[in-house]
Amino acid sequence: DEEEKKKQEELTKANEQLCTVIKDTLGEKVEKVATSQRLSSSPCVIVTGEFGWTANMERIMKAQALRNSGMGSYMTSKKTLEINPTHPIVTELRKKVEKDKSDKTVKDLVWLLYETALLTSGFNLDEPNTFASRIHRMIKLGLAIDETETEADKPEDDIPALEEEGGDANEMEK
């Protein structure tokens, strides 16, 4: 038991810099970032405080028709992001942070981990389009698609050409 406690302390200490980078990246979205012993298969999870609103309660309160705009600040629960220090994703992310903590890929991965943790913990995403674009960027990276080649750059062979002006205007009425 003493050996296991020592191992946990070492893991926590090894992940301090990663936790700091994650907290700095997410800013006010999370109250704190901590390592967790209770995760086994997931890289991270969002938990709320003992007296905070659950994901379901937050969703119900956002749906209330008569709520006022001032409720937003105290309404959202204080979220804690717990990371699994033994998960391969967290291990590789820690290595990337140790090499270069201002890497854009690290920030993207942190946001992806946070947003997927929100979803798996039952919360709604504030900006689903941003999440989708991050996912698409990671898919492009995984498929080795060049980021500079966008939809606008591709040839438009499948779009039929417009008909010449001056043709018979009543052609469709036949």
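Residues numbered from 1 in each chain as written. Predicted model: local features only at pLDDT ≥ 70, side-chain atom pairs only at ≥ 80, totals over all residues. Heavy atoms only, no water.

**A look at a nonpolar patch on the surface**
And then number 1: Together, I139, L143 and I145 make up an exposed nonpolar region whose accessible area comes to about 280 Å².
And then number 2: Within the secondary structure, L143 sits in the segment after helix 7 (128–142). (Patch = residues over 30% accessible without salt bridge, like charges linked within 9 Å, V, L, I, M, F, W, Y side chains within 5 Å. Areas by Shrake-Rupley, 256 points an atom, 1.4 Å probe, with all protein chains shown as cover. Salt bridge = Lys/Arg side-chain N within 4 Å of Asp/Glu carboxyl O. Helix = DSSP H or I, 4+ residues; strand = E, 2+ residues; numbered from the N terminus.)

**Some remarks on the sheet that holds strand 2 (residues 44–48)**
And then number 1: The strand order 1-3-2 describes an open sheet built from three strands, whose pairing is mixed. The open sheet is flanked by strand 1 (32–35) and strand 2, the only strands paired with a single partner. Direction aside, neighbouring strands of the sheet carry axes that sit 30° apart on average.
And then number 2: Pairing of strand 1 with strand 3 (residues 79–83), which is carried by four bridges, proceeds in the parallel orientation. Looking at strand 3, one finds that A34 is bridged to E82.
And then number 3: Helix-sheet contacts for helix 6 (residues 104–120) involve strand 2 and strand 3, and the interaxial angle to strand 2 is about 60°. (Pairing = 2+ DSSP bridges. Axes fitted to C-alpha atoms, helices over the stretch in contact; angles between N-to-C directions. Contact = heavy atoms within 4.5 Å.)

**Observations concerning the confidence of the model for the protein**
And then number 1: Per-residue confidence for the protein gives a mean pLDDT of 80; residues scoring 70 or more make up 76%.
And then number 2: Between the elements of the protein, mean pLDDT differs from a low of 58, seen in helix 4 (residues 72–75), to a high of 93, seen in helix 2 (residues 16–26). (pLDDT = per-residue confidence, 0-100.)

**Structural notes on the pairing of strand 3**
If a strand is regular, its side chains alternate between the two faces of the sheet.
And then number 1: For strand 3, the tally of buried residues reaches five of five residues, placing the bulk of the element in the interior.
And then number 2: Because side chains alternate across strand 3, one face comprises the buried residues K79, L81 and I83, and the other comprises T80 and E82, equally buried.
And then number 3: In this sheet, strand 3 lies alongside strand 2 in antiparallel orientation, the contact comprising five bridges. Note that in strand 3 the partner of V45 across the bridge is E82. (Buried < 20%, exposed > 50% of the residue type's maximum accessible area, 1.4 Å probe, protein only.)

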